[in-house]
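# Fold and geometry: a report
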Amino acid sequence: SWCWSNAGFLSSGLLVDTLTDPVLTAEMLSGLKDEVKALLFTHPDVDHILGNQAVLAGVPRLGTRAAQQEVTAQQKSGMIGNLVLAMSLGHFIWEAAQLVGLA
């Protein structure tokens, strides 16, 4: 499936990036046996950070200064919220299409 390979989890509790949206990330996290103790951003491309909302707020976010600054700028601009909304709408449309036999 698209963007399932953008994240990884180490048994030490380190989550490396998130998936392309909060729904997929929450699904991935629900299958983990260990809790997420920290989240590491490798780079701020949206397919690596849009799932951040699925990670508990108290979990430390780590990454290079440039990555942290870019993520913060995207959050302040509202871009991330708009992309998450678009992804959620896409999930809704896909599920609705499946229900009526169009997908």
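What you see is a predicted model; the values in this text were computed from it and never measured. (Residues numbered from 1 in each chain as written. Predicted model: local features only at pLDDT ≥ 70, side-chain atom pairs only at ≥ 80, totals over all residues. Heavy atoms only, no water.)

A cluster of nonpolar residues, Leu99, Val100 and Leu102, forms a patch on the protein surface that exposes about 400 Å² of accessible area. Relative to the assigned elements, Leu102 resides in the segment after helix H4 (79–99). Look at Leu102 and you get exposed, because its relative accessible area is 72%. (Patch = residues over 30% accessible without salt bridge, like charges linked within 9 Å, V, L, I, M, F, W, Y side chains within 5 Å. Areas by Shrake-Rupley, 256 points an atom, 1.4 Å probe, with all protein chains shown as cover. Salt bridge = Lys/Arg side-chain N within 4 Å of Asp/Glu carboxyl O. Helix = DSSP H or I, 4+ residues; strand = E, 2+ residues; numbered from the N terminus. Buried < 20%, exposed > 50% of the residue type's maximum accessible area, 1.4 Å probe, protein only.)

This paragraph deals with the nonpolar core. Grouped together as the largest cluster of nonpolar side chains are 14 residues, with contacts concentrated most on Leu15, Met28, Leu29, Val36, Leu39, Phe41 and Val55. Those elements that place two or more of their residues in this core are helix H1 (22–30) and helix H3 (65–77). The greatest single-element share of this core, amounting to three residues, is contributed by H1. Not counting chain neighbours up to four residues away, the residues in contact with Leu39 comprise Leu15, Asp17, Thr18, Asn52, Val55, Val59, Pro60, Arg61 and Leu62. (Core = buried A, V, L, I, M, F, W, Y, C linked by side-chain atoms within 4.5 Å. Contact = heavy atoms within 4.5 Å.)

This part takes up the confidence of the model for the protein. Looking at the protein, pLDDT values average 81 and 83% of them are 70 or higher. The secondary structure element of the protein with the lowest average pLDDT is H4, at 71, and the one with the highest is strand E2 (residues 14–16), at 94. (pLDDT = per-residue confidence, 0-100.)

Here the focus is the environment of Gly13. Structurally, Gly13 is set in the loop between strand E1 (8–9) and E2. Ignoring any residue separated from it by four or fewer positions in sequence, one finds Gly13 in contact with Glu35, Val36, Lys37 and Ala38.

Now for the sheet that holds strand E3 (residues 38–40). With respect to topology, four strands assemble into an open sheet ordered E1-E2-E3-E4, the strand pairing being mixed. The open sheet has two free edges, formed respectively by E1 and strand E4 (61–62), since each of these has just one partner strand. Here E1 runs beside E2; their pairing, made up of two bridges, is antiparallel. When the sheet's bridge partners are listed, Phe9 is paired in E2 with Leu15. (Pairing = 2+ DSSP bridges.)

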